[in-house]
Amino acid sequence: MEIYLIRHTTPLVAPGQIYGWSEIPLAETFLEEVNSVKKQLTVKFDRVYSSPSMRCVKLAAALTGEVIVDERLRELHFGDWEGKTWDTVDQDALQIWMDDFVHVCIPGGESMLQMQERLCAFWNELINNSADHVAIITHAGVVRILLAMHRGMDMTGIFDIKVGFGQIFHIKSPVPYK
Ligand SMILES: Cc1cc2ncn([C@H]3O[C@H](COP(=O)(O)O)[C@@H](O)[C@H]3O)c2cc1C
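The rules behind these values
- Residues numbered from 1 in each chain as written.
- Predicted model: local features only at pLDDT ≥ 70, side-chain atom pairs only at ≥ 80, totals over all residues.
- Heavy atoms only, no water.
- Axes fitted to C-alpha atoms, helices over the stretch in contact; angles between N-to-C directions.
- Helix = DSSP H or I, 4+ residues; strand = E, 2+ residues; numbered from the N terminus.
- Parallel < 35°, antiparallel > 145°, perpendicular 65-115°, else oblique.
- Left-handed = near helix turned anticlockwise from the far one by under 90°.
- Contact = heavy atoms within 4.5 Å.
- Near = heavy atom within 4 Å.
- Polar contact = N/O pair within 3.5 Å; in protein donor to acceptor, adjacent residues only side chain to side chain.
- Areas by Shrake-Rupley, 256 points an atom, 1.4 Å probe, with all protein chains shown as cover.
- Buried < 20%, exposed > 50% of the residue type's maximum accessible area, 1.4 Å probe, protein only.
- Pairing = 2+ DSSP bridges.
- Nonpolar A, V, L, I, M, F, W, Y, C, P; charged D, E, K, R; others polar.
- Disulfide = S-S within 2.5 Å.

## Some remarks on the packing of helix H1 (residues 30-40) against helix H2 (residues 54-63)
Axis separation between H1 and H2 bottoms out at 11 Å; the angle between their running directions is 55 degrees. Considering the angle they form, H1 stands oblique to H2. You can see that H1 and H2 cross each other, and the crossing is right-handed. Taking contact as the criterion, the partners of Phe 30, Val 34, Val 37 and Lys 38 in H1 are, on H2, Lys 58, Leu 59, Ala 62 and Leu 63.

## Overview of the site of the ligand
Looking at the ligand, there are 17 residues lining it, with Arg 7, His 8, Tyr 19, His 139 and Ala 140 nearest. Here Arg 55 contributes a side-chain N or O atom positioned 3.0 Å from an oxygen atom of the ligand. Between an oxygen atom of the ligand and a main-chain N or O atom of Ala 140, the distance comes to 2.7 Å. Protein contact buries 90% of the 520 Å² of open area that the ligand shows by itself. Residue assignment for the shell around the ligand shows that the elements contributing at least two residues are helix H4 (112-126) and helix H5 (140-150).

## Notes on the pairing of strand E1 (residues 2-7)
Successive residues of a regular strand alternate their side chains across the two faces of the sheet. Burial analysis of E1 places five of its six residues in the buried class, which makes it a mostly covered element. Pairing of E1 with strand E4 (residues 133-138), which is carried by six bridges, proceeds in the parallel orientation. Within the sheet, the bridge partner assigned to Tyr 4 lies in E4 and is Ala 135. Note: E1 against strand E5 (residues 168-171), four bridges, orientation antiparallel. Bridging from a neighbouring strand, Ile 3 pairs with Ile 171 of E5.

## A word on the packing of H4 against H5
Packing of H4 against H5 brings their axes to within 10 Å, and their N-to-C directions diverge by 70 degrees. Considering the angle they form, H4 stands roughly perpendicular to H5. Along its contact with H4, which presents Met 112, Met 115, Gln 116, Leu 119, Cys 120 and Trp 123, the element H5 presents Gly 141, Val 142, Ile 145, Leu 146 and Met 149. Classifying every residue of the contact of H4 with H5 gives nine nonpolar, two polar and no charged.

## With respect to the state of the cysteines
In total, this model carries zero disulfides according to the counting rule given. Not part of a disulfide, Cys 56 finds its nearest cysteine sulfur in Cys 120, a span of 19 Å. With relative accessibility at 0%, the residue Cys 56 sits in the buried group. The closest cysteine sulfur to the non-disulfide-bonded Cys 120 is located on Cys 105, 17 Å from its own sulfur.

## Quick word on H2
When we look at burial in H2, the residues that qualify are Arg 55, Cys 56, Val 57, Leu 59 and Ala 60. Residues of H2 that are buried sit in contact with E1, H1, strand E2 (47-50), strand E3 (67-69) and E4.

## Some points on the side chain of Gln 116
Checked against the element boundaries, Gln 116 lands in helix H4. In contact with Gln 116, not counting residues within four places along its chain, are Ile 145, Met 149 and Met 155.

## A look at H5
Of all 11 residues that make up H5, 10 are buried, and the element is covered over most of its length. Of the positions making up H5, those classed as buried are Ala 140, Gly 141, Val 142, Val 143, Arg 144, Ile 145, Leu 146, Leu 147, Ala 148 and Met 149. Of the surrounding elements, those touching the buried residues of H5 are E1, H4, E4 and E5. Looking one or two places after H5, you find Gly 152, whose phi comes out positive at around 70 degrees.

## Concerning the sheet that holds E1
On the basis of which strands lie adjacent, the open sheet formed by five strands has the order E3-E2-E4-E1-E5 and mixed pairing. Each end of this open sheet is capped by a strand with a single partner; those strands are E3 and E5. The sheet shows a mean angle of 25 degrees between the axes of neighbouring strands, taken without regard to direction. Summarising the sheet, E2 and E3 pair through three bridges and their orientation is parallel. Counted as the bridge partner of Val 48 is Val 67 from E3. Running over the sheet, H2 touches E1, E2, E3 and E4 and is turned about 150 degrees from E4.

Next comes the structure, spelled out in structure tokens:
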């Protein structure tokens, strides 16, 4: 099985806006960006999975007629901070989270570790399937975590992985994650 991790296209968000599970609109460059993604893809997918967030489903639907939506592919749930900006949330709570974003749970939301658990469950289920070429349309946080596990990186280093809008990451030989 070969897996292609693809981040959704450019969204319309205000500077510093916090969004994970929130639904946000896409920029007017959507069709242009879809064509650019399509040009870079030379294989025909047996399966196309997507996060339920509209910004992902729209790209997935542009790549295939049959999208498999999976809740486990959602971005981090930012809980009480969703829709707010980094400078307007409780700064003490924010500092506690930033000091240990792997383990600390966001108020009303989830921790990165909880997110990693749901992604591991999805991944290990996926690679037991018999598809040859699989696309996963998802979010920056999901791509970072899956790539960090594939590369055997420490989770504290995930932000070293730059993930652009519409960027494609090709995993040739996926392995089960613990
Ligand atoms: C621990 C952690 C901290 C993050 N801060 C922002 N994002 C992520 O969530 C936001 C929405 O992503 P997208 O545009 O791909 O839907 C972006 O800011 C992205 O970097 C994070 C993700 C994780 C796992």
